[in-house]
Amino acid sequence: MPQHKALRLYNTLTRQKEDFVPIDAGHVRLYVCGPTVYDFAHIGNARPIIVFDVLYRLLRHIYGDAHVTYVRNITDVDDKINARAAERGITIRELTEETATIFHKDVAALGCLKPAVEPRATEHIAEMIDIVSRLIGAGNAYEAEGHVLFSVPSMPDYGRLSRRPLDEMIAGARVDVAAYKRDDMDFVLWKPSTPEEPGWDSPWGRGRPGWHIECSAMSWKHLGETFDIHGGGIDLVFPHHENEIAQSRCAFGHSIMASVWMHNGFLQVEGEKMSKSLGNFITIRDALADWPGEVIRFNMLKTHYRQPIDWTVASLRESKRELDRMYPIAKQYAASPAIIPPDFEMAISDDLNMPEAITVLRRLYGEAQDGVALAGARLASCGHLLGLFEKSLPEWIGWRPASAGIDELHVQRLVNARIAARKAKNFAESDRMRDELAGLGIQLKDGKDADGELVTVWEVKR
Ligand code: AMP
Ligand code: ZN
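Residues numbered from 1 in each chain as written. Chains lettered and ligands numbered in written order. Predicted model: local features only at pLDDT ≥ 70, side-chain atom pairs only at ≥ 80, totals over all residues. Heavy atoms only, no water.

Visitor: Run through the pairing of strand β3 (residues 28–32), naming residues and quoting values.
Guide: Regular strands show a simple pattern: their side chains alternate between the two faces of the sheet. Burial of β3 is extensive: five of the five residues sit out of reach of the surface. Covered by surrounding structure in β3 are Val28, Leu30 and Val32 together with Arg29 and Tyr31, the residues of both alternating faces. Sheet analysis places β3 next to strand β4 (residues 68–72), joined by five bridges and oriented parallel. The residue bridging Arg29 from the neighbouring strand is Thr69, located in β4. Read as a crossover between parallel neighbours, the route from β3 over helix α1 (residues 43–63) to β4 is right-handed. (Buried < 20%, exposed > 50% of the residue type's maximum accessible area, 1.4 Å probe, protein only. Helix = DSSP H or I, 4+ residues; strand = E, 2+ residues; numbered from the N terminus. Pairing = 2+ DSSP bridges. Right-handed = clockwise from strand over helix to strand, strands pointing away.)

In structure tokens, the structure reads:
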């Protein structure tokens, strides 16, 4: 293994920066909680995707591409999914396929590498049942009225990650009171489904998993009983990650689930919490219509990942100006990992200190402008490590914002109605809808998924 600047990562579990020591340097393993696919992902959801993409790139740089496994799941069973599918009159499968397709396009446009594995919860029900059975066998879980609950008092050091005072955890858990719970803090591993709800046969009757058990099952299947790094947004520390730890540790009998727990800070918009009711809700789609993906990425990386980030048009404008200046210089050189300067490597290896790494980029840009060729080549190389300067120069210069005012919801409804018409072999109607969408500047691409189901992706014609 080549020697590199020691990678240091802030571990939420210990509340300090630590030297990163993989369990097996020949196989570094990273798990990040992925999206629940029922709606467009928003710009806040893009933050963990971009932050952990940079970590993934850095791990590959240090340990070699073949020695890092990145798993990011797709949650495709969830009560929000059931509700949204019913509301839109489509099947759950149609909704999750459509949303996952959009998500993939969005994150690719943000310059994110594909994870090595992208497991879907519905394909890991057997592993979930296995873990729940182990937990019952070990006395860490019990069945009650068709539910299976994790018994929090059965785990003496429950709460180590979030370090929440017990009374606060109890108060939080009381939001979800149920007569069948032995303790207020106990949480659901498995719950019964009505005939209309999605469900799978299990030793406890037909039902579906709770949210937390999904990640314990998928990380186990693809990374093993213990692994190196587990990531997500700061809101997932409690209860989601705390409960993942409880499940995995008690099921497999280890003192850890993952060695390092990393959490990104929250994103707010123009100084306010993003919410639909405030009208400042920005989907990744919206953002990509107004800005190149790399501008969004660069703008995201300018703030340290653990700090809150204020998403503003002013900073996006500045990010675009900066990349516009750097691009023509960077594109004159081929990127090479061998010439990444030590100060850049040091900054990025210090718990992903991107603000400092970007300061190095700016210095290299300045030197390259003064005619130092090595600085230009280094600019290209450091940028490449961060997923920047990946477009050709004509592509970068030729980028234009999509026509404003596309009503995505309206478009998606038309697209769905058209799929329904095609399924009903009403081709006159489906052609009419294609024309209507074309009139809105929307281009359609029809295809089939692995099960032969019709799927249609759409994009704004530029
Ligand atoms: P969710 O779909 O709410 O489960 O979120 C998916 C991922 O996005 C999780 O890792 C969340 O922690 C993260 N996330 C959600 N909202 C924000 C936000 N406003 N800022 C940063 N990360 C967020
Ligand atoms: Zn998770």
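Resuming the write-up.
Visitor: Can you break down the coordination of the zinc ion (ligand 2) residue by residue, with the values?
Guide: Taken together, Cys33 (SG), Cys215 (SG), His240 (NE2) and Glu244 (OE) make up the protein donors of the zinc ion (ligand 2), found 2.0 to 2.4 Å from the metal. One can describe the site at the zinc ion (ligand 2) as irregular: its four donor atoms subtend angles covering 76 to 128° at the metal. For the zinc ion (ligand 2), the donor residues sit on a single chain with the sequence spacing C-x181-C-x24-H-x3-E. On the criterion of helical spacing, the pair formed by His240 and Glu244 is a turn pair, its members being four residues apart in helix α7 (residues 237–252). (Donors = N, O, S within 2.8 Å, 3.2 Å for Na, K, Ca; no water. Tetrahedral: all angles 85-135°; square planar, octahedral: opposite > 155°, others 65-115°.)

Visitor: Give me the lowdown on the sheet that holds strand β7 (residues 187–192), citing residues and values where you can.
Guide: Strand order in the open sheet made by the four strands is β5-β6-β7-β8, with antiparallel pairing throughout. Looking at the sheet topology across the chains shown, the edges are occupied by β5 (141–144) and β8 (207–209). Across the sheet, the mean angle from the axis of one strand to that of its neighbour is 20°, orientation sign disregarded. Pairing of strand β6 (residues 147–150) with β7, which is carried by three bridges, proceeds in the antiparallel orientation. Paired with Phe150 across the two strands is Phe187, which belongs to β7. With respect to the sheet, α7 is in contact with β6 and β7, its orientation differing from that of β7 by roughly 80°. (Axes fitted to C-alpha atoms, helices over the stretch in contact; angles between N-to-C directions. Contact = heavy atoms within 4.5 Å.)

Visitor: Explain the site of ligand 1 to me, using residue names and the numbers behind them.
Guide: As a structural note, the neighbourhood of ligand 1 is formed by His42, Gly44, Asn45, Pro48, Gly232, Gly233, Asp235, Leu236, Asn264, Gly265, Phe266 and Leu267. In the model, a nitrogen atom of ligand 1 is placed 3.4 Å from a nitrogen or oxygen of the Asn264 side chain. Relative to its unbound accessible surface of 490 Å², ligand 1 loses 82% to contact with the protein. Mapped by element, the contributors of at least two residues to the shell around ligand 1 are α1 and β9 (227–233). For the shell around ligand 1, the leading source of residues is α1, giving three residues. When its residues are assigned to classes, the shell around ligand 1 shows four nonpolar, seven polar and one charged. (Near = heavy atom within 4 Å. Polar contact = N/O pair within 3.5 Å; in protein donor to acceptor, adjacent residues only side chain to side chain. Areas by Shrake-Rupley, 256 points an atom, 1.4 Å probe, with all protein chains shown as cover. Nonpolar A, V, L, I, M, F, W, Y, C, P; charged D, E, K, R; others polar.)

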